[in-house]
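Structural overview for review
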Amino acid sequence: MLILNRKKDESIQIGDDIEIKVVAVEGDQVKIGIEAPRSVDVYRKEIYIKIQEENQEASTASDELINLLKNFKKE
């Protein structure tokens, strides 16, 4: 993991298209702004993990449905 120190109004550049800027520091909270192309999805990590879990559940349900349909066709 790369760890960088930034102050208010300082940025981190990722590649040519993504900039992360420290907008404010209030107590133990840091507010950041992210500029990225619309084609890049940006999520809070807890939301990203939830999306991945739901996608996995949907995939499992689809596999189960396909197996049920295969067995139904055979009968």
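Since this is a predicted model, take the numbers as computed values, not measurements.

**What about a nonpolar patch on the surface?**
A grouping of Val 25, Val 30, Ile 32, Ile 34, Val 40 and Val 42 is seen on the molecular surface, where their side chains present a nonpolar patch of about 490 Å² in accessible area. At 3 residues, the largest contribution of residues to the nonpolar patch is made by strand S3 (residues 29-35).

**Some words on the packing of aromatic side chains**
Each aromatic ring pair is summarised here by two numbers: the centre-to-centre distance and the angle between the ring planes. On inspection of all chains with the given rule, the structure shows 1 aromatic pair. When the centroid spacing of 6.4 Å and the interplanar angle of 40° are considered together, the rings of Tyr 43 and Tyr 48 count as tilted.

**Quick word on unusual backbone geometry**
The phi dihedral of Asp 9 falls on the positive side, at around 75°, and the residue is not glycine. Mapped onto the elements, Asp 9 comes out in the segment before strand S1 (11-14).

**Topic: the environment of Lys 45**
You can see Lys 45 is positioned in helix H1 (residues 45-74). A relative accessible area of 62% means that Lys 45 is categorised as exposed.

**Topic: the sheet that holds S3**
Pairing in this open sheet of 3 strands is antiparallel, and the strands run S1-S2-S3 from one edge to the other. Each of the sheet's edge strands pairs with one partner strand only, and the pair in question is S1 and S3. Averaged over all adjacent pairs, the angle separating strand axes in this sheet is 25°, with direction ignored. The pairing of strand S2 (residues 18-26) with S3 spans 7 bridges and is antiparallel. Its bridge partner being in S3, Ala 24 is matched across the sheet by Lys 31.

**Observations regarding the pattern of salt bridges**
The final tally for this structure, using the stated rule, is 3 salt bridges. Measuring nitrogen to oxygen at the nearest pair gives 3.7 Å for the salt bridge that ties Arg 6 to Glu 10. Under the relative-accessibility criterion, Glu 10 is labelled partly exposed at 28%. Note that Glu 46 and Arg 44 form a salt bridge whose closest N and O atoms lie 2.7 Å from each other.

**Observations regarding the confidence of the model for the protein**
For the protein, per-residue confidence averages 91 on the pLDDT scale, and 95% of positions sit at 70 or higher. Averaged over each element, pLDDT in the protein is lowest for H1 (83) and highest for S1 (98).

Cut-offs applied
- Residues numbered from 1 in each chain as written.
- Predicted model: local features only at pLDDT ≥ 70, side-chain atom pairs only at ≥ 80, totals over all residues.
- Heavy atoms only, no water.
- Patch = residues over 30% accessible without salt bridge, like charges linked within 9 Å, V, L, I, M, F, W, Y side chains within 5 Å.
- Areas by Shrake-Rupley, 256 points an atom, 1.4 Å probe, with all protein chains shown as cover.
- Salt bridge = Lys/Arg side-chain N within 4 Å of Asp/Glu carboxyl O.
- Helix = DSSP H or I, 4+ residues; strand = E, 2+ residues; numbered from the N terminus.
- Phe/Tyr/Trp six-rings, centres within 6.5 Å; stacked < 30°, edge-to-face > 60°.
- Buried < 20%, exposed > 50% of the residue type's maximum accessible area, 1.4 Å probe, protein only.
- Pairing = 2+ DSSP bridges.
- Axes fitted to C-alpha atoms, helices over the stretch in contact; angles between N-to-C directions.
- pLDDT = per-residue confidence, 0-100.

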